[in-house]
Amino acid sequence: MLFYLIIFIISTCLVEFGSNCKKSQRPFITGIGFLIPALVAAFRSIDVGTDTTTYIELYNSIVYDEEMSVILMILDTDLFFYCSCFIAQYIGGVQVIFFVYSFLTLLFLYKALAKYKRHLPVWLGYILFLFFFYNSSLNIMRQILAISFILWATTFLFDGKKKKFIILSVISIIFHMSAIAAGGLIYIIYTISQTSRRKKPLAFLLFYTGVIFAFLCVNIMVTHMAVLGVGHSYAYTASAGQSQIGATDILISMLLIMFSYIAMKRKLVSDVSNDFFYLSCIVCLMLFMTGIYNRFLMRMAYYNLTFACLYLPLIVNAPKLRQNKSVYTLGVLLLGFSYWLYLFVISGSNATLPYSTEGGLMFDF
């Protein structure tokens, strides 16, 4: 536990220092901040992260196995991972892939936060992301990279650059096939957040009904694809087996809904920001609750959860809360830490504790 906390604190301090130093020094110092958790990800043993063994086996199959069955499997693999495997075999092996995924995840996160550094404390959003997602990134690293990329892409949507957001959402599929679906969902939520308040309840009701209908249609379609032997991994994704509803995820979603509702009533930030985050939190809760039916759908909620890393620091920095800013900042920190402590330390989710390296080093503290 303390091992990860030390990594989080050192990395956050370096990123915060780098974001406030001279422009010429900024890339170097923030890069060191990303480097530390990226190295931790790179040198983890196969026992850290439930999917680490799967990634190693997939890497070995792509690099060393030339059978046609493997080629067909590659066709269903994310393009970025596929290309990374061929490059990594010449410059260090699978550890290079782990490093690149972790480093890029933090880079896209920082790029999203840095765009609003005049309006929010970058360090707070950064450490919240580490609490919410870093340990998961040692397991589902492809999806966490896609989540970070979509978060950055959404900042262009907030700026009114819809075409750029759409292009980036399409590009995001090279990281994980769920990203483009998340991009479409976010675009719809953003559009609804801009409708008049009188029409918003009806618009959201129609939206959620449409999402359920679309999922049922896709589920039926890919099930037939599986029967025909076409697109096996896509069929698995849409019918990914039952998964339990996580009480921690439900609780964090409900708390975020409550915070966003209070912020909306007190007009702490702009109406569009409040409405977008409020709707995103409701969608996040709904997706977490549907996790009992489908694991893939549950994980889609993480794309919405990541907006807390932007919105909560934005609330803390609101002019109306300036007098008690330190108290609210501490509250947000405790929220992120409590989520991380219960989910990853006490419950052992994603199997990232204790941390050990391939060389046999063990950090059991």
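Predicted model only: the values in this text are computed from it and were never measured.

Caption draft 1: Representation of unusual backbone geometry in the model. Of note, the bond from Leu 353 into Pro 354 is cis; its omega dihedral lies within 30 degrees of zero at -5 degrees. Structurally, Pro 354 can be placed in the loop between helix H17 (325-346) and strand S1 (355-356). Of note in this structure, Asn 350 is not a glycine but carries a positive phi near 70 degrees. You can see Asn 350 is positioned in the loop between H17 and S1. Unusually for a residue other than glycine, Ala 351 sits at a positive phi of about 50 degrees. As for its position among the elements, Ala 351 is in the loop between H17 and S1.

Caption draft 2: Region of interest: the nonpolar core. In this structure, Tyr 4, Phe 81 and Leu 305 are the most contacted members of the largest nonpolar core, which totals 111 residues. Considering each element in turn, this core owes the most residues, twelve residues, to helix H8 (residues 141-158). Those residues in contact with Phe 81 that lie beyond four places of it in its chain are Tyr 55, Leu 58, Ile 62, Ile 97, Tyr 101, Met 141, Arg 142 and Ile 174.

Caption draft 3: Layout of helix H16 (residues 308-316). Here H16 lies mainly inside the structure; eight of its nine residues are buried. Along H16, the residues that are buried comprise Ala 308, Cys 309, Leu 310, Tyr 311, Leu 312, Pro 313, Ile 315 and Val 316.

Caption draft 4: Representation of helix H1 (residues 2-20) in the model. Across its 19 residues, H1 extends 27 Å between first and last C-alpha, which sits within 8% of the 27 Å expected from 1.5 Å per residue. Restricting attention to buried positions, one finds in H1 the residues Phe 3, Tyr 4, Leu 5, Ile 7, Phe 8, Ser 11, Thr 12, Val 15, Gly 18 and Ser 19. Residues of H1 that are buried sit in contact with helix H2 (26-42), helix H6 (94-114), helix H7 (122-137), H17, S1 and strand S2 (362-363).

Caption draft 5: Just the packing of H8 against helix H10 (residues 178-193), in detail. At a minimum axis distance of 10 Å, the contact between H8 and H10 shows a crossing angle of 30 degrees. With respect to their mutual orientation, H8 and H10 come out roughly parallel. Considering the relative orientation of H8 and H10, their crossing is right-handed. Contact residues: H8 offers Gln 143, Ala 146, Ile 150, Thr 154, Leu 157 and Phe 158, while H10 offers Ser 178, Ala 179, Gly 183, Ile 186, Tyr 187 and Tyr 190. The residue inventory of the contact of H8 with H10, partitioned by class, reads eight nonpolar, four polar and no charged.

Caption draft 6: Region of interest: the side chain of Ser 253. Along the chain, Ser 253 falls in helix H13 (residues 247-266). Exposure remark for Ser 253: the relative accessible area of 1% places this residue in the buried category. Ignoring anything within four residues of it in the chain, the contact list for Ser 253 reads Cys 284, Leu 285 and Phe 288.

Cut-off values and rules
Residues numbered from 1 in each chain as written. Predicted model: local features only at pLDDT ≥ 70, side-chain atom pairs only at ≥ 80, totals over all residues. Heavy atoms only, no water. Helix = DSSP H or I, 4+ residues; strand = E, 2+ residues; numbered from the N terminus. Core = buried A, V, L, I, M, F, W, Y, C linked by side-chain atoms within 4.5 Å. Buried < 20%, exposed > 50% of the residue type's maximum accessible area, 1.4 Å probe, protein only. Contact = heavy atoms within 4.5 Å. Expected span 1.5 Å × (residues − 1). Axes fitted to C-alpha atoms, helices over the stretch in contact; angles between N-to-C directions. Parallel < 35°, antiparallel > 145°, perpendicular 65-115°, else oblique. Left-handed = near helix turned anticlockwise from the far one by under 90°. Nonpolar A, V, L, I, M, F, W, Y, C, P; charged D, E, K, R; others polar.

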